[in-house]
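Survey of secondary and tertiary structure
Residue strings, one per chain:
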Amino acid sequence: MLSVPLVVGASFAYLLLLFGVASYGNWRSAQGRSVIDNAWVYALSMAVYCTAWTYFGSVGRAASAGIWFLPIYLGPTLAMVLAWVVVRKMLRIARSYRITSIADFIGSRYGKSPALAGLVTLITVVGIVPYIALQLKAVSVGYAVMTLPAGAQATQAQDWWNDSTLYFALALAAFTVVFGTRRLDVSERHEGMVAAIAFESVVKLLAFLAVGIFVTYGLFDGMADIFARVRAAPELAPLLGDAATFDYGQWFSLTLLAMLSVVLLPRQFQIMVVENVNERHLRRAAWVFPAYLLLINIFVLPVALGGLLLFGSGTMDPEAFVLSLPLASGQHALALLAFIGGLSAATGMVIVESIAVSSMVCNDLVMPLLLRTRRFGIRAQGDLTRLLLRIRRAAIFFVMLLGYGYFHWAGEAYALVSIGLISFAAVAQFAPALFGGMYWRGGTRVGAMAGLLIGFALWTYTLMLPSIAKSGWLPTAFLDDGPWGIQWLKPEQLFGLSGMDNLTHALFWSLSANLTAYVVLSLWRGPTPAETSQALLFVEAFQRNRSTEPVFWRGRAKVQDLLALTTRFVGSVRARHLFEEQARRLGVPTVAQIEPDAQLVRQVEIALAGAIGSASARVMVASVADEDALALEDVLQILDEATRLRAHSIELEEKSASLERATSELRAANAQLQSLDRLKDDFMSSVTHELRTPLTSIRSMAELMADEPDMPLAQRQQFIQIIVTETERLSRLVNQVLDLAKIESGHAQWHNTDIDLGQLLAQAVQTTEEMFRDRGAQVQLALPPQPVVLRADPDRLTQVVLNLLSNAAKFVPATGGKVDITLRTSDAGVQVTIQDNGPGVPAAQHGMIFEKFHQNQDSGGYRPQGTGLGLPISRQIVEHFGGRIWIDPAYGGGARFVFDLPWNTMADTGATDVHTPAPATGHALPPTP
Amino acid sequence: MHRTRGSQRLLALFFAGMMVLNYPLLALWDPQASLFGLPLFPLALFGLWAILIATMAWLLEHSGD
Amino acid sequence: MAQKILIVDDEPNILISLEYLMQREGFDVRVARDGLQAIEAIESDPPDLVLLDVMMPGKTGLEVCQHVRAIERLRHVVIVMLTAKGRETDVAKGLALGANAYVTKPFSTRDLVAQVRTLLQAQA
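As the structure is a prediction and not an experimental result, all values here were calculated from the model. (Residues numbered from 1 in each chain as written. Chains lettered and ligands numbered in written order. Predicted model: local features only at pLDDT ≥ 70, side-chain atom pairs only at ≥ 80, totals over all residues. Heavy atoms only, no water.)

Looking only at helices and strands, chain A has 34 helices and 9 strands in total. Taken across its 929 residues, chain A has 56% of its residues classed as buried. In chain A, once contacts between residues fewer than 6 apart in sequence are set aside, the share between residues at least 24 apart is 80%. (Helix = DSSP H or I, 4+ residues; strand = E, 2+ residues; numbered from the N terminus. Buried < 20%, exposed > 50% of the residue type's maximum accessible area, 1.4 Å probe, protein only. Contact = heavy atoms within 4.5 Å.)

Below is the structure:
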């Protein structure tokens, strides 16, 4: 045992630490750097599902029934498998419509019904009270174990004002108030609280694992040891499972119950849906949370069995093994840690649960009633935010006191685990209305209402009342014999259905009646227009986004009224902000000039819903606006418009995308055309320039001679010579331009015969002999021994060779010039090389020289007498016969021009003449371009 | 419901889990047997549980949903 | 005193004809075969008028014109551009750069002489 001050002090210190974490979380959130914007924090906060029950109840259950503690955790795991689909839809809906609680969700779905929301709230309050009591009980039991000598029984204080648990409850309520109701956040988010919950989840896990490890490996020799000893002890062996008597029905119903509760419990809904920061976090949290559950449960069975082995059954309360085992072994620090862990679990649950329930109570029970009174009602003025906060705080205390009350009067007789399951069964009643509402458009308010009422009634009768009776506050006669002796109305064997445990029995009756009533009544009379519109928005939440969402509202409203209304509930700052945004959307300069449309009204309603719940928000907005009642046709018409709008906008998007594509294609084509145009322009201007230059000389010379009849003969001779030369140049140019044009346009005439290429080359060399001799250059021709026969136009090929030779002659150095001509054959075709030892062509111009009118920009000032068309024409000719012509970049000793021709030169020209290749000697290398 | 492949896989996993962790498949594990000195039934339960979580994790982390 | 004319063209035969022409008309004629030579010649001994071909390797006639016009003391030099290109844009470019006149080839010798005399008289 530990001293009271130590235990109390440690507890208090821990709570302060939690508070510090929460404050840090709030501070970071205010700065915009949220700590909880993280999938791991989100997952850990979901672990608020593990309450003091995990610490004490599970162990107790394991000690008495073996693995029967597991379904409570298997259920959530299975539920989370579907979470990414189902819970995500809930997140989407909640975010779109500012849903702040499960009551709000259900009420909003069925036509924003205040009555339905109120009913859900009532059921929640009644259902959750036992659960809160359970936490208080766990803490008080734990406290007793820690501070009293081992084995001593804690005596329950008879007077409530003496009961330390009461003060603990009050302290916890105060703590919660500070945690969660500092200010009214219209999104109902409590970032600090979530941070603290995530933190305490870690503490919970670590403490439990610590105790587990200690018991398994400290007190025993590992798990195998424990189980071996259990098998040896005959009274304990059945705990490990007995196939014959395994109640599969109960197993299934427990699993199902836990599956539903992990979403429907107020604290779970609050954490999972309302406090969610980012939908995407759900993806990771959906498996991290079950992993957490697995981890925290690993040592439950060992601890329980270990406790039974050590203490024997019947002496120590098994539910407190997690504390008593370390205590008995003198591990006081570990025991304190475990107690802190259990305390942590309990406080976490209570805080979140009471915050969630208090907001429900405020928005869905109190507010609707208040708004009906004259004082706070429609025509009242004044800021209601402070009032709302006060109502919430009162609700927290109220719920806590109710919990204490249940604990005091009814908690003694019942084991913890059973109390918890009663609460589970209560919230399970929401399942048909909630999930049906999300996936079935046909669910109506009447159906949901009927289902909830009948389910709740049966729950009360089959579970709640028996539990109170078993605690001694009601005569048990009606349990054993049925009310007024009517046997088949026995609460735990209704209509004679026996053979089930009481939980399965209750669950069966309440859920089936609930579901049946829901379906039957929904089908009996279809949904009203308001319900239809809400149904559409909920069921199709994934398909809709803000812009294409239909707004089911028709009417008129004044902007001042709306602004005043919003200010009352949301505060002036937020109201202003909202309206200014709307003014921007409508394109109006000031708020006062806004003409409220359906969108604005909807935004106002959503903003209000965050503060007072959807149902009350609806009521308030309806009170200031002049609304047209929507009939079903109106709803369908609006929906139709919205659908058409959406289709239209999709179409528009597609059109604009294709338009963009067309435009860019057009632009590309235009650019290409322009460059071609420019090329043509350049060509034209080059041609005109080349034509006009010789013409200028000719004309000038002729005019000069004409003006001066008595010009000296020598001078006259010179001028005439120039005229002749320039005329030749001109006609050469004209011929070449026409030639090129003909070849390019395909109108050239080709006279193809079989030619011996070697002979052709030799002839060309002969023709240019004089030219080279004048330049003092040596020409060498290397030919293969056998004839090289091709089919081509000999004149054209000669043209090419002459062009290359004259180029070589132009650039060969003045002394020691050498020109080498080589002919090679290979399997592919023939190759002719003409190289000189002149200055060569710079690498940058290797491609350009084959362009029209490109002239080598010789820096020596020497301008070659050429037309600039020789090489382009040569290229056209060579390519016409399927060959290639290029300048060898690797040759540095001058310019080396190479052209090759395939054996089958006629292939490119389209003629069917096929030439059998001459035997190839093939000592040429394939060309390197 | 979101009719994508990812969500269909999750639905399938859900039903598989329900079947594996309930009657009748659960009855297949003999409570008297043991593996590594640990009783088979609890071990199987935890094992299946772990496999379920791992499969879920793999499906979720790899879905493009 | 005879007026000085500088003839700039990369075409040797055109140079010959222009040189002969201008000499016959009594001008003091110098020649340059490319842009750089032209700039050198103009700067060292400014002529009264320059017959400037546009299409030349290295520095084009337009560049020469721009260069000369940038020099204050050479503002009085008359520049006549000669070119085989006749596009309007080139004309505009030349005039914008400060050429006094623009003559397309082939030209009439008589017209060219008349224009030269007019320009020189205007300058005087």
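This part covers the overall build of chain C. Across its full length, chain C holds 5 helices and 5 strands. The helix and strand sequence of chain C, counted from the amino end, reads β-α-β-α-β-α-β-α-β-α. A buried classification covers 51% of the 124 residues belonging to chain C. Looking at chain C alone, contacts between residues at least 24 apart form 62% of all its contacts between residues at least 6 apart.

Quick look at the interface of chain C and chain A now. Counting residues at the interface gives 21 residues for chain C, matched by 25 residues for chain A. A buried area of about 2200 Å², summed over both sides, lies between chain C and chain A, and 54% of it is on carbon and sulfur atoms. At the surface where chain C touches chain A, the tally comes to 4 salt bridges. As a salt-bridge pair, aspartate 707 of chain A and arginine 110 of chain C come within 2.8 Å of each other at their nearest N and O atoms. On inspection of chain C and its partner chain A, the count reaches 6 residue pairs in polar contact (both at pLDDT 80 or more). Those elements that place two or more of their residues in the side of chain C that touches chain A are α1 (12-24) and α5 (109-123) of chain C. (Buried area = accessible area lost by both parts, 1.4 Å probe. Salt bridge = Lys/Arg side-chain N within 4 Å of Asp/Glu carboxyl O. Polar contact = N/O pair within 3.5 Å; in protein donor to acceptor, adjacent residues only side chain to side chain.)

A surface patch of nonpolar side chains, amounting to about 260 Å² of accessible area, comprises Leu515, Val519 and Leu523 of chain A. By the element assignment, leucine 523 of chain A lies in helix α22 (residues 502-524). (Patch = residues over 30% accessible without salt bridge, like charges linked within 9 Å, V, L, I, M, F, W, Y side chains within 5 Å. Areas by Shrake-Rupley, 256 points an atom, 1.4 Å probe, with all protein chains shown as cover.)

If you look at the biggest cluster of nonpolar residues, it comprises 208 residues, and the most contacted ones within it are Met46, Tyr49, Phe105, Met146, Phe424 and Phe430 of chain A together with Trp49 of chain B. In terms of residues, this core owes the most to one element, helix α16 (residues 332-372) of chain A, which gives 17 residues. Setting aside its immediate chain neighbours within four residues, phenylalanine 430 of chain A contacts Ile102, Ile106, Val120, Ile123, Thr124, Leu264 and Leu452 of chain A. Ala777, Ala792, Leu804 and Val841 of chain A belong to the second-largest nonpolar core, a separate cluster that totals 49 residues. (Core = buried A, V, L, I, M, F, W, Y, C linked by side-chain atoms within 4.5 Å.)

Residue and element names in this part refer to chain A. Taken in spatial order, the 5 strands make up an open sheet running β4-β6-β7-β9-β8, and their pairing is mixed. The open sheet is flanked by β4 (777-782) and β8 (884-887), the only strands paired with a single partner. In this sheet, neighbouring strand axes are inclined to one another by 10° on average, regardless of whether the strands run parallel or antiparallel. Most of the contacts of helix α30 (residues 757-767) go to strand β6 (residues 817-825), to which it runs at about 165°, and overall it touches β4, β6 and β7 (829-836). (Pairing = 2+ DSSP bridges. Axes fitted to C-alpha atoms, helices over the stretch in contact; angles between N-to-C directions.)

Let us now look at the pattern of salt bridges. Within this structure, the stated rule accounts for 29 salt bridges over all chains. The salt bridge partner of lysine 112 of chain A is glutamate 605 of chain A, with a shortest N-O separation of 2.6 Å. One end of the pair, lysine 112 of chain A, is in the loop between α6 (102-109) and α7 (114-147); the other, glutamate 605 of chain A, is in helix α26 (residues 598-612), and 493 residues separate them in sequence. A single network of salt bridges, built from pairs that share partners, joins Asp707 and Glu708 of chain A together with Arg24, Glu25, Arg110 and Arg117 of chain C.

Residues and elements named next belong to chain A. Summed over all chains, the structure comprises 8 cavities of 30 Å³ or more. Roughly 60 Å³ of internal volume is contained in the largest cavity. Lining the largest cavity, in full, are Ile36, Val41, Tyr42, Ser45, Val194, Ile271, Glu275, Asn276, Val277 and His281. Tallying contributions element by element places helix α2 (residues 39-46) first for the lining of the largest cavity, with 3 residues. Here the lining of the largest cavity is built from residues that sort into 6 nonpolar, 3 polar and 1 charged. (1 Å grid on protein atoms, 1.4 Å probe; cavity = no way out; pocket = protein on both sides within 12 Å on 5 of 7 lines; lining within 4 Å. Points joined across faces, edges and corners; volume = space filled by probe spheres on them. Nonpolar A, V, L, I, M, F, W, Y, C, P; charged D, E, K, R; others polar.)

Next up on the list: helix α13 (residues 281-297) of chain A. Here α13 of chain A contains 17 residues, and its C-alpha end-to-end distance of 24 Å stays within 8% of the 24 Å for a straight helix at 1.5 Å per residue. Taken across its 17 residues, α13 of chain A has 14 buried, putting it largely inside the fold. (Expected span 1.5 Å × (residues − 1).)

Bringing unusual backbone geometry into the picture now. Proline 106 of chain C follows lysine 105 of chain C through a cis peptide bond whose omega is -15°. Along the chain, proline 106 of chain C falls in the loop between β5 (101-104) and α5. A positive phi angle is found at arginine 98 of chain A, which is not glycine, with a value near 55°. Within the secondary structure layout, arginine 98 of chain A lies in the loop between α5 (83-97) and α6. The phi torsion at lysine 112 of chain A lies on the positive side, around 55°, for a residue other than glycine.

Time to look at the packing of aromatic side chains. Residue and element names in this part refer to chain A. Within the structure shown, the criterion is met by 26 aromatic pairs over all chains. Ring centres 5.7 Å apart and planes at 80° place the aromatic pair tryptophan 440 and tyrosine 518 in the edge-to-face group. Of the two residues, tryptophan 440 sits in the loop between α19 (430-439) and α20 (445-470) while tyrosine 518 sits in helix α22, which places them 78 residues apart along the sequence. On the accessibility criterion, tyrosine 518 (2% relative accessible area) is buried. Taken together, Tyr49, Trp53, Tyr73, Tyr131, Phe289 and Phe424 form an aromatic cluster joined through their ring pairs. Sitting over the face of the ring of tyrosine 110, arginine 109 holds its NZ or CZ atom 4.6 Å from the ring centroid. Across the ring face of tryptophan 750, the terminal group of arginine 796 is positioned such that the distance to the ring centre comes to 5.5 Å. (Phe/Tyr/Trp six-rings, centres within 6.5 Å; stacked < 30°, edge-to-face > 60°. Lys NZ or Arg CZ within 6 Å of the ring centre and 35° of its normal.)

To continue, consider the sheet that holds strand β1 (residues 4-8) of chain C. Residue and element names in this part refer to chain C. If you walk across this open sheet you meet the 5 strands as β2-β1-β3-β4-β5, and the pairing is parallel. Each edge of the open sheet carries a strand with a single partner, namely β2 (28-32) and β5. Across the sheet, the mean angle from the axis of one strand to that of its neighbour is 20°, orientation sign disregarded. Across 5 bridges, the pairing between strand β3 (residues 49-53) and strand β4 (residues 78-83) is parallel. Across the sheet, the residue bridging to valine 50 is isoleucine 79, located in β4. Sheet strands touched by α1: β1, β2, β3 and β4. Its angle to β2, the strand with the most contacts, is close to 165°. Each of β1, β3, β4 and β5 is contacted by α5, which is oriented at about 135° to β3, the strand it contacts most.

A few words on the packing of helix α24 (residues 559-570) of chain A against helix α27 (residues 614-624) of chain A. Residue and element names in this part refer to chain A. One way to put it is that α24 packs onto α27 with a least axis distance of 9 Å and a crossing angle of 150°. With respect to α27, the axis of α24 lies roughly antiparallel. As for the relative orientation of α24 and α27, their crossing is right-handed in sense. Mapping the contact onto sequence places Asp561, Leu562, Leu565, Arg568 and Phe569 in α24 and Met620, Val621 and Val624 in α27. (Parallel < 35°, antiparallel > 145°, perpendicular 65-115°, else oblique. Left-handed = near helix turned anticlockwise from the far one by under 90°.)

Residues and elements named next belong to chain A. In this structure, threonine 727 sits in helix α29 (residues 713-745). Taking the C-alpha atoms as reference, threonine 727 lies 7.2 Å from isoleucine 698; in sequence the two are 29 residues apart. Among the polar contacts made by the side chain of threonine 727, one reaches the main-chain carbonyl oxygen of isoleucine 723 at a distance of 2.5 Å.

What follows concerns the packing of α16 of chain A against helix α17 (residues 385-410) of chain A. Residue and element names in this part refer to chain A. For the pair α16 and α17, the least separation of the axes is 8 Å and the interaxial angle reads 125°. Relative to α17, α16 is oriented oblique. The hand of the α16/α17 crossing is right-handed. From α16, Val350, Ser354, Val357, Ser358, Ser359, Val361, Cys362, Asn363, Val366, Met367 and Leu370 reach across to α17, where they touch Leu387, Leu388, Ile391, Arg392, Ala395, Ile396, Val399 and Met400. Residues belonging to the contact of α16 with α17 are distributed by class as follows: 14 nonpolar, 4 polar and 1 charged.

Quick look at the environment of arginine 554 of chain A now. By the element assignment, arginine 554 of chain A lies in the loop between α23 (529-539) and β1 (555-556). Sequence separation between arginine 554 of chain A and aspartate 634 of chain A is 80 residues; the distance between their C-alpha atoms is 9.1 Å.

Residues and elements named next belong to chain A. For serine 253, the location among the structural elements is in helix α11 (residues 248-264). The class of serine 253 is buried, set by a relative accessible area of 5%. One polar contact links serine 253 to threonine 504, side chain to side chain, over a distance of 2.8 Å. For serine 253, the contacting residues outside a window of four places in its chain are Thr504 and Leu507.

Reading fine detail from the predicted coordinates is not recommended where pLDDT is low. Residues at a pLDDT of 70 or more form 89% of chain A, whose mean pLDDT is 82. Across residues 857-864 of chain A the pLDDT falls below 50, and counting only partners more than four positions away or on other chains, this stretch makes 11 contacts in the model. (pLDDT = per-residue confidence, 0-100.)

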